[in-house]
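As a plain string of letters, each chain reads:
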Amino acid sequence: MTDPKYGPRDPLSAEQVAAAVAAVRGDWTVLDAEPMPAGSDIVYGVTVRNARYRQREAVLKCFRSDSLVDGRSPERFLAEVDLLGLVGRETEVPVPAVYGGYRSREGLPGPAFLMEHLPGEPPLGVAADGRGAGAERLLRESGRHLARVHDLRSFDAFGDLVSDDGGPTVRDGRTTWPDRLRDIVDGSLDGLSGTRFADLEGPLREYADGRFDELDLAADAALLHGDYRPGNLLADPETGEVTAVLDWGASQAGDPRYELAWVVREFAERSPVGSAARARVREALFDAYEDERGTSLDRGNDAFERRQSFYLAVTWLAECQWFDAWWGGAEESAREARAATLRENVRALR
């Protein structure tokens, strides 16, 4: 649920889409093109025909220079191309193949790349009662996929990933995870100015300062997808099999446990802490994750649980900062209900 201004505000002309595709694959002819729901980039689903008159479906993704998302850059956009190749080569996590791309072309948005269009639908209602075996499979496959991603690469610094000659790397990163997390928290708190949640900045800053003083936040810099959630997956609607893990544009080097807090929140569809739906989602995800990595998360340990609670609170800070972007396209009743829930969550923080 996003504000229309957060997605592709000015769709490309048919001529621009055809020219962008031709810049990547000169032997492909565009037969049809439709804008696809997107966040910070311009994305089109295209039907193309090659020189042998064979049709295929593909996806054109273009960098959006006027994106509202902080920290976007061509190098960060192109890190997704690097990661799709890396994950596709070295894991069994299903990702689309990249057909090619370009850094710049006169008169066209760039950089841009073309990738495979994989089957499936975004999974909905994963946390709902009665979803059965399909939801269970989706959750367990997601837990295994996250484990493989987190074990795929380590880095010497913490921060957003960008494309470099040697592949995805951290540029201008932090040497410790607490320093990186402090940047994330301070950025969200500073961003509350002028929003409906501006009055929460003081108590939230006091809460965060207390957690940084209290918790052991030391971690290794692992590869994180950055936005692993049902909306960035495709799955078989009948079986729950994950057919594609998409949108690697928010990738970063960080603490895997931080990503797990976000993933549980999103797959549980923001169910309250302590709810049966959230517990069910977390158990399935964590069980599969631990089995795949062969290590325990030390669930139930007070230090682990307090750290996860803090990480969850950090996701609420980000949601408060970007509330108008994330919820601007929702019905007013849903938007106001979510704003009220966020305030309740903040009041409950200890």
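Residue positions are given per chain, counting from 1 as you read along its sequence in written order. Side-chain atom pairs in this predicted model are given and counted only at pLDDT of 80 or more, local residue features only at pLDDT of at least 70, and totals for whole chains, interfaces and linings cover all residues. Based on all heavy atoms of the structure, the side-chain values leave hydrogens and waters out of the count.

Caption draft 1: Highlighting the nonpolar core. The criterion is simple. A nonpolar core is a set of buried Ala, Val, Leu, Ile, Met, Phe, Trp, Tyr and Cys residues joined through side-chain atoms within 4.5 Å. Burial status follows relative accessibility: with a 1.4 Å probe on protein chains alone, a residue under 20% of its type maximum counts as buried, one over 50% as exposed, and anything between as partly exposed. Residues Leu-181, Val-185, Phe-267 and Phe-310 are the most contacted members of the largest nonpolar core, which totals 84 residues. For this core, the leading source of residues is helix H8 (residues 302-321), giving 9 residues. By size, the runner-up hydrophobic cluster in this structure holds 17 residues, among which are Leu-12, Trp-28, Val-46 and Tyr-102. Strands here mean DSSP runs of E at least two residues long; helices mean DSSP runs of H or I at least four residues long; both are numbered from the N terminus.

Caption draft 2: Representation of the sheet that holds strand S3 (residues 55-62) within the structure. By this definition, two strands are paired if DSSP reports at least two bridges between them. Taken together, 5 strands build an open sheet; the order of strands is S1-S2-S3-S5-S4 and the sheet is antiparallel. Single-partner strands in this sheet number two, and they are strand S1 (29-35) and strand S4 (98-102). Adjacent strand axes in the sheet meet at a mean angle of 25 degrees when their direction is disregarded. Here 5 bridges tie S3 to strand S5 (residues 112-116), and the two strands are oriented antiparallel to one another. Residue Val-59 lies in a different strand from S5, and its bridge partner there is Met-115. The contact definition used throughout considers only heavy atoms, calling two residues in contact when any of these lie within 4.5 Å. All axes here are fitted lines through C-alpha atoms, helices being fitted over the stretch that makes contact, and every angle between N-to-C directions spans 0 to 180 degrees. Those strands touched by helix H1 (residues 14-24) are S1, strand S2 (42-49), S3, S4 and S5, and its axis lies near 105 degrees from that of S4. Its contacts with the sheet put helix H2 (residues 74-90) on S3, S4 and S5, and the angle it makes with S5 is roughly 30 degrees.

Caption draft 3: The arrangement of the confidence of the model for the protein chain in detail. In this model, the protein chain carries a mean pLDDT of 92, and residues with pLDDT of at least 70 account for 94%. Contacts from residues 1-8, a stretch scored under 50 in pLDDT, to residues over four places away or in other chains number 27 contacts. What pLDDT expresses is the predictor's confidence in each residue, scored from 0 to 100.

Caption draft 4: Geometry of the sheet that holds strand S7 (residues 167-170). What the 4 strands build is an open sheet, ordered S7-S6-S11-S8; its pairing is antiparallel. This sheet does not close on itself; its edge strands, each paired only once, are S7 and strand S8 (222-224). Across the sheet, the mean angle from the axis of one strand to that of its neighbour is 45 degrees, orientation sign disregarded. As defined by bridge partners, strand S6 (residues 159-164) adjoins S7 across 4 bridges and the pair is classed as antiparallel. When the bridges of S7 are listed, Leu-161 appears paired with Val-170. Most of the contacts of helix H6 (residues 256-267) go to S8, to which it runs at about 20 degrees, and overall it touches S8 and strand S11 (252-254).

Caption draft 5: Spotlight on the pattern of salt bridges. The salt bridge criterion pairs a side-chain nitrogen of Lys or Arg with a carboxyl oxygen of Asp or Glu, the two atoms within 4 Å. Per the counting criterion, the structure on display carries 33 salt bridges. Put simply, Arg-270 and Glu-266 hold a salt bridge, and the shortest N to O gap is 3.7 Å.

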